[in-house]
Amino acid sequence: MAVTEITVERLTDMIRVAAHRLSKNVEFVNSLNVFPVPDGDTGTNMSLTLASGVKNVNNANAATVGAMTKALAKGTLMGARGNSGVISSQLFRGFAKATENKKTLTAQDLADALTGGVQTAYKAVMKPVEGTILTVAREAAKAGNKAAQNSDDAVVVMQAVVNGAKRSLAATPSLLPVLKEVGVVDSGGQGLVFIYEGFLEALNGKVTSDEYVISDTEMDEMVNAVHHQSIQGQLSTADIKYGYCTEMMVELNQKPAEGHEFNYDTFRNYLNDLGDSLLVVADDEVVKVHVHTEHPGKVYRYGAQFGQLDKIKIDNMRAQHDDIVERQASEAAKPQAPAKFGVVAVASGHGVAELYRSLGVTQILEGGQTMNPSTEDILAAVKKANALNVIILPNNGNIFMAAQQAAQQAENHVAVVPTKSIQQGMTAMLSFNPDETLKENVAEMSDSLDTVASGEMTVATRDTSINGLTIHKDDFIGIVDGDIAVNGTDRVQVMTDMILKMLTEDSEIITILYGTEGTKEEAQQVADAITAQNDDLEVEIHEGDQPVYAYLVSVE
């Protein structure tokens, strides 16, 4: 059936169905991560961004398309997470600008709005890269505008948009060599295709009956009972034996070829040895797990033996407890005058947070790989810093755009130093001088980033070939300044080789931060191997307590 007019109700359904379709395919989008490391979170970021937009639309109860898209743009802006989420929010911002005076939309209006989204998104990115979500959005909008010239049916136009998006997505490997080398399409572009497919489904009459039905109610209630935050303020952070609240869902009907048969008692007993506060709820198809542990990676690797993992979540309870105690203390204290400077750093790991505080960081925002904070999260941290001037250290390339967006929204003077790693953030703090101006600090801190090399040690999540390396699932891999440099089956040897690749003739100090999956003893073995080859090097070892990466290394 032809649709020549898109009412606010129909457009709302389009957004809801798009959010629903994207949420159902989050793990697939995440799996398109270029590197075989456990940090593919594009799908999660885009889904959370769009969900924030839908929530704002529901609360707005808009009577016109213009009012509805304004609410959508505001919601996605504040909920934007990661680069993919920020770019998505800019697509919706441009869409809203193009429709701000519209009560309803024609097919041509729809095509024009999609084009407006592309224009705004390209302007928001300092150095647009082709072969990404931007390319897919642009080519999809072109296809939609071409169709609108010959038809007033919004279904026809949206079908053309979807077809154009899919063609562009299939071509992304030819535009980005790294995608072609690994054999995947762009993850952000794939997420956008799911969004546009949702738009088309809604135009064809498919709507979601209730986009905010709470799923897994029983599990959530049990988890809430386990946490019971009413006693949190009475405990010391040091009393928390198992620091990571770890959750996952295992889809038993998606068992890998080499997977094991699921036995509830065996499964539960194994996890019980890894921590406490264990909850395991299972039926014939799904196992839902909640556990407090020091080794979330072991939990996930064990679960993956029985099926595909879904709804993965890690919370640092020590950091959460610190925040609760700090919040309770601040609520009891009298308001204080703003400080001259505040520094907000995005980081994970109790040890990492303590190192940052010792360097002068005033606010730690829990986040990083797989846990990208939203624009709203960053804004809240900026406000909590209570300072006239605030510097943000995103410490991750995928958080930089959300940090920039937060800086633009902030009421006080806020600037971003473009740190791409925990190690760069620490180096930047060594150049921070509270007696200088915001502009001077940002310039000097940014200039210092070239003086440090950053290394990360983790485990490959799949077989692949990249950068001339043949990588097998479960190999240890060393990443140097964003590129996989070494791999192998001996973690000490791989990390040693990684550090050797990071060294230059000017290198003096090596810093190793061991995470939840690493040990001080193993870090010392690596330090001994390095100094045996060059005793002029100084090696420092600290407990970082960070998830995902067993070791973080800086060379200066």
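Throughout this description, residue numbers start from 1 for each chain and increase along the sequence as written. pLDDT decides what is reported in this predicted model: residues at 70 or higher carry local features, side-chain atom pairs at 80 or more are listed and counted, and totals for whole chains, interfaces and linings draw on all residues regardless. Only hydrogens and water are set aside when side-chain values are computed; all heavy atoms of the structure are taken into account.

Caption draft 1: Up close: the overall build of the protein. Broken down by element type, the protein carries 21 helices and 16 strands. When burial is assessed residue by residue, the protein has 55% of its 556 residues classed as buried. We call two residues in contact when some of their heavy atoms are within 4.5 Å. The contacts of the protein with a sequence gap of at least 6 include a subset with a gap of at least 24, amounting to 72%. To be clear on the numbers: accessible area is Shrake-Rupley with a 1.4 Å probe, and residue cover counts the displayed protein chains and nothing else. By element, 49% of the accessible surface of the protein is carried by carbon and sulfur atoms, the whole surface being about 25100 Å². Secondary structure elements are defined from DSSP: runs of H or I of at least 4 residues count as helices, runs of E of at least 2 residues count as strands, and each element is numbered from the N terminus. The buried label goes to any residue with under 20% of its type's maximum accessible area, the exposed label to any with over 50%, and the partly exposed label to all in between, with areas taken from a 1.4 Å probe on protein chains only.

Caption draft 2: Structural view of the sheet that holds strand β14 (residues 509-514). At least two DSSP bridges between two strands are needed for those strands to be called paired. On the basis of which strands lie adjacent, the open sheet formed by six strands has the order β13-β12-β9-β16-β14-β15 and mixed pairing. Each edge of the open sheet is held by one strand with a lone partner, namely β13 (483-488) and β15 (538-543). Strand-to-strand twist of the sheet, defined as the mean angle between neighbouring strand axes without regard to direction, takes the value 20°. Inspection of the sheet shows strand β9 (residues 453-459) paired to strand β12 (residues 476-480) by five bridges, in the antiparallel sense. Considered in β12, the bridge of G455 is made with V480. Whenever a helix is involved, its axis is fitted only over the stretch in contact; in every case the axis is a line through C-alpha atoms, and angles between N-to-C directions fall within 0 to 180 degrees.

Caption draft 3: How the structure looks around the sheet that holds strand β5 (residues 339-347). As summarised here, the arrangement of the four strands in space is β6-β5-β7-β8, forming an open sheet in which the pairing is parallel. The open sheet has two edge strands, β6 (363-366) and β8 (413-416), and neither has a second partner. Going across the sheet, the axis of each strand differs from the next one's by a mean of 20°, ignoring polarity. As defined by bridge partners, strand β7 (residues 387-393) adjoins β8 across four bridges and the pair is classed as parallel.

Caption draft 4: The arrangement of the pairing of β5 in detail. Along β5, seven of the nine residues are buried, which leaves the element largely enclosed by surrounding structure. Bridging between β5 and β7 involves six bridges; their strand directions are parallel. Bridging across to β7, V344 finds its partner in I392. Note that β5 and β6 share four bridges and pair parallel.

Caption draft 5: Fine view of unusual backbone geometry. Positive phi, normally seen in glycine, also occurs at N386, with a value near 50°. Position of N386 relative to the elements: it lies in the loop between α16 (375-385) and β7. Although it is not a glycine, V548 sits at a positive phi angle of roughly 70°. Of note, V548 is situated in the loop between β15 and β16 (551-555).

Caption draft 6: Layout of the packing of aromatic side chains. Pairing of aromatic rings covers Phe, Tyr and Trp, the last through its six-membered ring, and needs centres within 6.5 Å; plane angles under 30 degrees mean stacked, over 60 mean edge-to-face, and all others mean tilted. Evaluated as defined, the whole model comprises eight aromatic pairs. Measuring from centroid to centroid gives 6.0 Å for F262 and F306, while their planes differ by 90°, and the two rings are edge-to-face. Pair noted here: F262 is in the loop between β1 (244-251) and α12 (264-272) and F306 is in the loop between α13 (296-304) and β4 (308-316), with a separation of 44 residues, a long-range link. Note on F262: relative accessible area 24%, which makes it partly exposed. A relative accessible area of 6% places F306 in the buried class. Plain terms: the ring middles of Y270 and Y302 are 3.9 Å apart, the flat faces sit at 20° to each other, and that makes the pair stacked. Taken together, the residues Y270 in helix α12 and Y302 in helix α13 connect sequence positions 32 residues apart. Given the relative accessible area of 35%, Y270 is considered partly exposed. Given a relative accessible area of 10%, Y302 falls into the buried group.

Caption draft 7: Representation of the nonpolar core in the model. By convention a nonpolar core is built from buried Ala, Val, Leu, Ile, Met, Phe, Trp, Tyr and Cys residues, the set being connected through side-chain atoms within 4.5 Å. Core analysis: the biggest nonpolar cluster contains 89 residues, and I6, L50, M158, I195, Y196, F199 and I378 have the highest contact counts within it. Ignoring anything within four residues of it in the chain, the contact list for M158 reads L110, Y196, F199, L200 and L203. Core analysis: the second largest hydrophobic core is formed by 34 residues, A345, M426, V442 and Y549 among them.

Caption draft 8: How the structure looks around the packing of helix α7 (residues 133-148) against helix α10 (residues 187-203). Relative to each other, α7 and α10 sit at 35°, their axes nearing to 7 Å. The chirality of how α7 crosses α10 is right-handed. On the side of α7, the interface is formed by I133, V136, A137 and A140, while α10 contributes G188, G189, L192, V193 and Y196. Whether a crossing is left-handed or right-handed is set by the direction in which the near helix is turned from the far one by less than a right angle, anticlockwise for left-handed and clockwise for right-handed.

Caption draft 9: Geometry of the environment of T64. The residue T64 is located in the loop between α3 (42-60) and α4 (65-79) in this model. Taking C-alpha positions, T64 is 5.5 Å from V8, a pair spaced 56 residues apart along the chain. Setting aside residues up to four positions removed in sequence, T64 forms contacts with V8, K102 and K103. We define a polar contact as two N or O atoms separated by no more than 3.5 Å, with the added condition that, inside protein, one atom must be a possible hydrogen donor and the other a possible acceptor, whereas residues neighbouring each other in sequence contribute only through side-chain atom pairs. A polar contact of 3.1 Å, which involves the side chain of T64, links it to the backbone nitrogen of A67.

Caption draft 10: Region of the structure containing the environment of P128. Position of P128 among the secondary structure elements: in the loop between α6 (107-124) and α7. Residues within four places of P128 in sequence aside, it is in contact with Y122 and L134.

Caption draft 11: Spatial organisation of a negative patch on the surface. For patch detection, residues must exceed 30% relative accessible area and be free of salt bridges, and they are connected within 9 Å for like charges or within 5 Å for nonpolar side chains (Val, Leu, Ile, Met, Phe, Trp, Tyr). The salt bridge definition used is simple: a Lys or Arg side-chain nitrogen within 4 Å of an Asp or Glu carboxyl oxygen. Neither His nor the chain termini are counted; the positive set is Lys and Arg, and the negative set is Asp and Glu. Lys charges are placed at NZ, Arg charges at CZ, Asp charges at CG and Glu charges at CD. A cluster of acidic residues, E440, E444, D447 and D450, forms a negative patch on the protein surface. Its location among the elements puts E440 in helix α19 (residues 438-447).

Caption draft 12: Molecular detail of helix α15 (residues 350-359). Burial in α15 covers these residues: G351, V352, A353, L355 and Y356. At its buried positions, α15 is contacted by β5, β6, β7, α18 (422-429), β14 and β15. Looking one or two residues past α15, G360 carries a phi angle of roughly 115°, positive in sign.

Caption draft 13: A look at the packing of α7 against helix α8 (residues 154-175). At their nearest, the axes of α7 and α8 sit 7 Å apart, and the two run at 145° to each other. Relative to α8, the crossing made by α7 is right-handed. Residues T135, V136, E139, A140, A143, G144, A147 and A148 of α7 form the contact with α8, whose participating residues are V156, V157, A160, V161, G164, A165, R167, S168, L169, T172 and L175. Charged means Asp, Glu, Lys or Arg here, nonpolar means Ala, Val, Leu, Ile, Met, Phe, Trp, Tyr, Cys or Pro, and polar covers whatever is left, Gly included. Residue composition of the contact of α7 with α8, grouped by class: 12 nonpolar, five polar and two charged.

Caption draft 14: How the structure looks around the pattern of salt bridges. Per the counting criterion, the structure on display carries 12 salt bridges. The salt bridge involving R81 is made with D377; its shortest N-O contact spans 3.4 Å. Placement of the pair is R81 in the loop between α4 and α5 (82-99) and D377 in helix α16, with a sequence separation of 296 residues. With a shortest N-O distance of 3.7 Å, D474 and K473 are connected by a salt bridge. The class of K473 is partly exposed, set by a relative accessible area of 43%. Connected through shared salt-bridge partners, R21, K166, E197 and E201 make up one network.

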